[in-house]
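Coordinate inspection notes
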Amino acid sequence: MIVLKTYRFAGLLACLSVASTTGCSSLMSHTGPDQGYYPGTRASYETVTNADSGWVMRPLAAVDLPFSAVMDTLLLPWDYYRSGSDKAADSPRERILRSEKQNGTAASLASAAPMPSAH
């Protein structure tokens, strides 16, 4: 009992640390383009089962796996809503190309003065 009272803050900090890192795969996979159903769970599972994953990532992904499954289940309506969208149009590459076209990046780079070369 004395140990629990002495290290109460450390135990609370450890529990909060574990709780704050859970569901990461689910949240990260839902910020990008549509990846189908249960993308965070699939990402955690692939990290755990991949032999090339680092020794740090595998246990973290194993802890994250059940929490990502719960988060992916809660986000199923959102995944269903996005299921008909074009995945290629939402890719980071396509978003950057649209942004550059909208902002006229190519035209402004073409009119920029050349950099002086140092000999």
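Parameters and conventions
- Residues numbered from 1 in each chain as written.
- Predicted model: local features only at pLDDT ≥ 70, side-chain atom pairs only at ≥ 80, totals over all residues.
- Heavy atoms only, no water.
- Axes fitted to C-alpha atoms, helices over the stretch in contact; angles between N-to-C directions.
- Helix = DSSP H or I, 4+ residues; strand = E, 2+ residues; numbered from the N terminus.
- Parallel < 35°, antiparallel > 145°, perpendicular 65-115°, else oblique.
- Left-handed = near helix turned anticlockwise from the far one by under 90°.
- Contact = heavy atoms within 4.5 Å.
- Buried < 20%, exposed > 50% of the residue type's maximum accessible area, 1.4 Å probe, protein only.
- pLDDT = per-residue confidence, 0-100.
- Expected span 1.5 Å × (residues − 1).
- Bend = angle between axes of the 7 residues up to and from the residue.

Between helix α4 (residues 39-49) and helix α5 (residues 57-74), the least distance of the axes is 8 Å, while the angle of their chain directions is 160°. One way to sum up the angle between α4 and α5 is to call them roughly antiparallel. For the crossing formed where α4 meets α5, the hand is left-handed. Listed contacts from α5 to P39, G40, T41, S44, Y45, T47, V48 and T49 of α4 are M57, R58, A61, A62, D64, L65, S68, A69 and D72.

Turning to the environment of L75, a few remarks are in order. Mapped onto the elements, L75 comes out in the loop between α5 and α6 (76-82). Given a relative accessible area of 22%, L75 falls into the partly exposed group. Apart from residues lying up to four places away in sequence, L75 is in contact with S26 and H30.

Before going further, it helps to examine the confidence of the model for the protein chain. For the protein chain, per-residue confidence averages 77 on the pLDDT scale, and 76% of positions sit at 70 or higher. Element-level mean pLDDT values for the protein chain span from 61 in helix α1 (residues 2-6) up to 89 in α4.

In this section: α5. For α5, spanning 18 residues, the distance from its first C-alpha to its last is 24 Å, which sits close to the expected 26 Å at 1.5 Å a residue. If you look at α5, its biggest bend is around 40°, right at L65, and the proline P66 turns up within four residues after that. Among the residues of α5, A61, D64, S68 and D72 are the ones counted as buried. Tucked inside the fold, the buried residues of α5 contact α3 (24-30), α4 and α6.

The subject of this paragraph is α4. Residues lying three or four places apart along an α-helix face the same way, a consequence of the helix completing one turn every 3.6 residues. Taken as a whole, α4 has its buried residues at P39, G40, T41 and S44. For α4, the secondary structure elements touched by its buried residues are α3, α5 and α6.

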